[in-house]
Amino acid sequence: VQLQASGGGLVQAGDSLRLSCQVSGLTFSSYGMGWFRQAPGKEREFVATITWSGGTTTYADSVKGRFTISRDNAKTTLYLQMNSLKPEDTAVYYCAASLRAYGSTSRMNFNVWGQGTQVTVSS
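A brief structural summary. (Residues numbered from 1 in each chain as written. Predicted model: local features only at pLDDT ≥ 70, side-chain atom pairs only at ≥ 80, totals over all residues. Heavy atoms only, no water.)

## With respect to the sheet that holds strand β3 (residues 17–24)
Thought 1: Here 4 strands make up an open sheet; going across it, the order is β1-β3-β8-β7 and the pairing antiparallel. For this open sheet the edge positions go to β1 (2–6) and β7 (67–72), each flanked by a neighbour on one side alone. Between one strand and the next, the sheet's axes are offset by a mean angle of 15 degrees, whatever the strand orientation.
Thought 2: Pairing geometry for β1 and β3, over 5 bridges, is antiparallel. For Gln-4, the partnering residue across the bridge sits in β3 and is Gln-22. (Pairing = 2+ DSSP bridges. Helix = DSSP H or I, 4+ residues; strand = E, 2+ residues; numbered from the N terminus. Axes fitted to C-alpha atoms, helices over the stretch in contact; angles between N-to-C directions.)

Quick look at the structure:
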């Protein structure tokens, strides 16, 4: 099983980035998926989650209205579109898969994790 996150980088405040997470080795369309992030010295926190079908999404208050989670089950890929980025969005972003098909806001409910991709937003 592999979750390969990509798309991170160094951007300025107000810019946009699109993260991708290519998934292999599991039945992608059966899993709820999520994005989490971890800033230096802080715990890993929930960002967004999406149901197996992509029909329902949930966001952390801090990113609501700026970030959009989506998935393409045919391509077994998860996405996170990040707009209006702020310096406080700086973190390593992780994609994760959950056996809970409807996703979750708790990292404890995610069974498989990707390696993370660094997002740095300068002011």
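Don't stop here, the text continues.
## Re the packing of aromatic side chains
Thought 1: Under the definition given, this model contains 4 aromatic pairs.
Thought 2: Centre to centre, the rings of Phe-36 and Phe-110 are 5.1 Å apart; their planes meet at 75 degrees, and the pair counts as edge-to-face. Of this pair, Phe-36 sits in strand β4 (residues 32–38) while Phe-110 sits in the loop between β9 (91–98) and β10 (112–113), placing them 74 residues apart in sequence.
Thought 3: Overall, Phe-36 belongs to the buried group, its relative accessible area being 1%.
Thought 4: Among the aromatic residues, those joined into a cluster by ring pairs are Phe-36, Phe-46, Phe-110 and Trp-113.
Thought 5: Between Arg-71 and the ring centre of Phe-28, over which it is positioned, the NZ or CZ distance is 4.3 Å. (Phe/Tyr/Trp six-rings, centres within 6.5 Å; stacked < 30°, edge-to-face > 60°. Buried < 20%, exposed > 50% of the residue type's maximum accessible area, 1.4 Å probe, protein only. Lys NZ or Arg CZ within 6 Å of the ring centre and 35° of its normal.)

## Section: the side chain of Thr-51
Thought 1: Along the polypeptide, Thr-51 turns up in the loop between β5 (45–50) and β6 (57–59).
Thought 2: Since its relative accessible area comes to 4%, Thr-51 is described here as buried.
Thought 3: Not counting residues within four places of it along the chain, the set of residues in contact with Thr-51 comprises Thr-56, Arg-71, Ala-101 and Tyr-102. (Contact = heavy atoms within 4.5 Å.)

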